[in-house]
Amino acid sequence: MNELVTGDAVVLGLQPARLPSRALAIAIDLAVLLTVFVLFSIGLAVATVTLDEAATAAIAVATFLLVLVGGPVAVETLSHGRSLGKLACGLRVVRDDGGPIRFRHALVRGAMGLVEILGTFGVVGSIASLVSARGRRLGDVFAGTLVVRERVPAGRALAVPPPPPWLVGRFGQLDLSGVPDGLWLAIRQYLTRMNQLDAAVRGSMAERLATDLVVRTGVPVPAGVPAAAYLAAVVNERQTRDVRRVAAAAGRAGRTGAPVAWPAPGPSPVLVNPVPAAPVPVKGEHSGGWAVEAPPGEAAAPPPAVGADMGQPGPQAPTGFAPPA
C-alpha cells in the first residue's frame, strides 16, 4: 500500500516520504535541538560552577538525554507526529494503519534515533530507509510507524467512482443534513484510494465509515449492500442534490435578474406583436355605440355624454317626466 487512508485527526490519501525529504527534516530538527542543547549547557555550566566533576557530568548527561531524546519525543507526541523539520518539509509520522501516533510510538522512535541517527551520524538510518520499500528507518520498524507526505501536488486528485447502477437514486429520501464535512471528506478520499489498499484494510475501513454514516443518518445499511457500494451511492446522492440545488439557484437568479425590455419613450409607443382589440358593447342608458376594451392595467374610460363633443350640455338628472313616444 503506497498511499494511505488514515484514521482520526490525519488527512487521507498520503504518500510515504522518501530519504531526501526525511534527511532535510532531520537536519532542521537536529539544528534546533543542538542549539537548545548548547544554550542549556552554557546555562547549567554557569549554574553548577561550584559543583564537583561527578555532579557536573551527571547533569550534562541528563541534559543530553532530556533535550536530544525527550525533546523529540515530547514534540512528536503533542503534535501527533509533526516536528519543526517535518512541518517545514510537509511530512508527518503516522501509525502503520494510518492513525495518529501515541507516546509509546514517539518513545521508541526517539530511543532508536539516538542509536541510528546520533550514534552513527545517520548512516544506519539512511541505509534502512533506502532498503525499505516505504522508506522506513529502524525506529519506524520497531515502533510500527511511517513518515508520510502531507502535501500532495494539486491535480493528482482522483474522481470518486460511481455507485452500482442498481443503487443510483435508492437513497433519495435519506437525511444527510447531520453528516459533518469531515466525514464526507474521509468517505470521498477512501473511495478514491480503496483500490490501492489491501483487501482486509479496505473492508475494515469501509465498514467503519459506513457505521459512522449510519449513526449520522439514522438509517441502517440495506441488507445485501456492500459497505463500499453503500458509501459510493450516498456520496453520489449528495452530489446529485448539490447539482440540483445549484441549478435551482441559477434558475431563480435568471428569473429575477434578467433585464426587462421596456418600449422606447415617444408619442406613439409600438407594441410587440399587437393584438387587435375586439369591440365590446358598453351597456348603459346613453351608450348608443361601442367602446374599445382598455389594455390590461388601465381602467376603461367612461362613455362620452351625448352632445359633449358638440359643446352641448350633457344629460340632466332624471326628474320623473317621460317624453311622449
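Residues numbered from 1 in each chain as written. Predicted model: local features only at pLDDT ≥ 70, side-chain atom pairs only at ≥ 80, totals over all residues. Heavy atoms only, no water.

Asks: Is there a simple way to think about the packing of helix α2 (residues 53-78) against helix α4 (residues 103-119) in this case?
Replies: Helix-helix packing is characterised by the crossing angle of the two axes and by the distance between the axes. Taken N-terminus to C-terminus, the directions of α2 and α4 make an angle of 140°; their axes are 8 Å apart at the nearest point. As summarised for this structure, α2 and α4 are arranged oblique, according to the angle between their axes. In terms of crossing hand, the pair formed by α2 and α4 is right-handed. Contact residues: α2 offers F64, L65, L68, V69, V73, E76 and T77, while α4 offers F103, A106, L107, R109, G110, L114 and L118. (Axes fitted to C-alpha atoms, helices over the stretch in contact; angles between N-to-C directions. Helix = DSSP H or I, 4+ residues; strand = E, 2+ residues; numbered from the N terminus. Parallel < 35°, antiparallel > 145°, perpendicular 65-115°, else oblique. Left-handed = near helix turned anticlockwise from the far one by under 90°. Contact = heavy atoms within 4.5 Å.)

Asks: What exactly am I supposed to notice about the packing of helix α1 (residues 19-47) against α2 here?
Replies: Taken N-terminus to C-terminus, the directions of α1 and α2 make an angle of 155°; their axes are 10 Å apart at the nearest point. As judged from the angle between their axes, α1 and α2 are roughly antiparallel. Handedness of the α1/α2 crossing: right-handed. Contact residues: α1 offers L33, L34, V36, F37, F40 and L44, while α2 offers I59, A60, T63, F64, V67, L68 and P72. Class assignment of the residues belonging to the contact of α1 with α2 gives a composition of 12 nonpolar, one polar and no charged. (Nonpolar A, V, L, I, M, F, W, Y, C, P; charged D, E, K, R; others polar.)

Asks: Help me out: how do you make sense of the pattern of salt bridges in this one?
Replies: Where side chains of opposite charge bring their charged atoms close, a pairing between them can arise. Throughout the structure, instances matching the rule amount to nine salt bridges. Residues R22 and D140 are paired through a salt bridge, measuring 2.9 Å at the closest nitrogen-oxygen approach. Within this pair, whereas R22 is found in helix α1, its partner D140 is found in helix α6 (residues 138-143), the two being separated by 118 residues in sequence. Pair check on accessibility: R22 and D140 agree, each one buried. The residue R136 makes a salt bridge to D96 at a minimum N-O spacing of 2.8 Å. Of this pair, R136 sits in the loop between α5 (123-131) and α6 while D96 sits in the loop between β2 (91-95) and α4, and the two are 40 residues apart along the sequence. Overlapping salt bridges, with partners in common, bring together R22, E76, K86, R109 and D140 in one network. (Salt bridge = Lys/Arg side-chain N within 4 Å of Asp/Glu carboxyl O. Buried < 20%, exposed > 50% of the residue type's maximum accessible area, 1.4 Å probe, protein only.)

Asks: Sorry if this is basic, but what is going on with the sheet that holds strand β1 (residues 15-16) here?
Replies: The sheet built from three strands is open, its strands ordered β1-β3-β2 with antiparallel pairing. The open sheet has two edge strands with one neighbour each: β1 and β2. The pairing of β2 with strand β3 (residues 145-149) spans five bridges and is classified as antiparallel. Residue pairing for β3: V93 is matched across the bridge by V147. (Pairing = 2+ DSSP bridges.)

Asks: Got a minute to help me understand the environment of L84 in this structure?
Replies: Following the sequence through the fold, L84 ends up in helix α3 (residues 84-89). For the pair L84 and D29, spaced 55 residues apart in the sequence, the C-alpha separation amounts to 6.3 Å. When neighbours within four sequence positions are excluded, L84 is seen to be in contact with D29 and V32.

Asks: Mind showing me how you'd approach the side chain of T217 here?
Replies: Examined against the element boundaries, T217 turns out to sit in helix α8 (residues 199-217). Taking relative accessible area as the criterion, T217 reaches 12% and is therefore assigned buried. When residues no more than four places from it in sequence are discounted, the contact partners of T217 are L174, D175, L176, V179 and Y230.

Asks: I would appreciate a short explanation of α2 in the present structure.
Replies: Residues that lie three or four places apart on an α-helix share one face, since the helix turns once every 3.6 residues. Compared with an ideal rise of 1.5 Å per residue, which puts 26 residues at 38 Å, α2 spans 35 Å between its outermost C-alpha atoms and is within 8% of the ideal. In the structure, α2 departs most strongly from a straight axis at G70, where the bend amounts to approximately 40° and where the proline P72 lies between one and four residues downstream. Taken as a whole, α2 has its buried residues at T63, V67, L68, V69, V73 and E76. Close packing links the buried residues of α2 with α1, α3, β2 and α4. A positive backbone phi angle near 55° is found at H80, which sits one or two residues after α2. (Expected span 1.5 Å × (residues − 1). Bend = angle between axes of the 7 residues up to and from the residue.)

In short, geometric facts, not functional conclusions.
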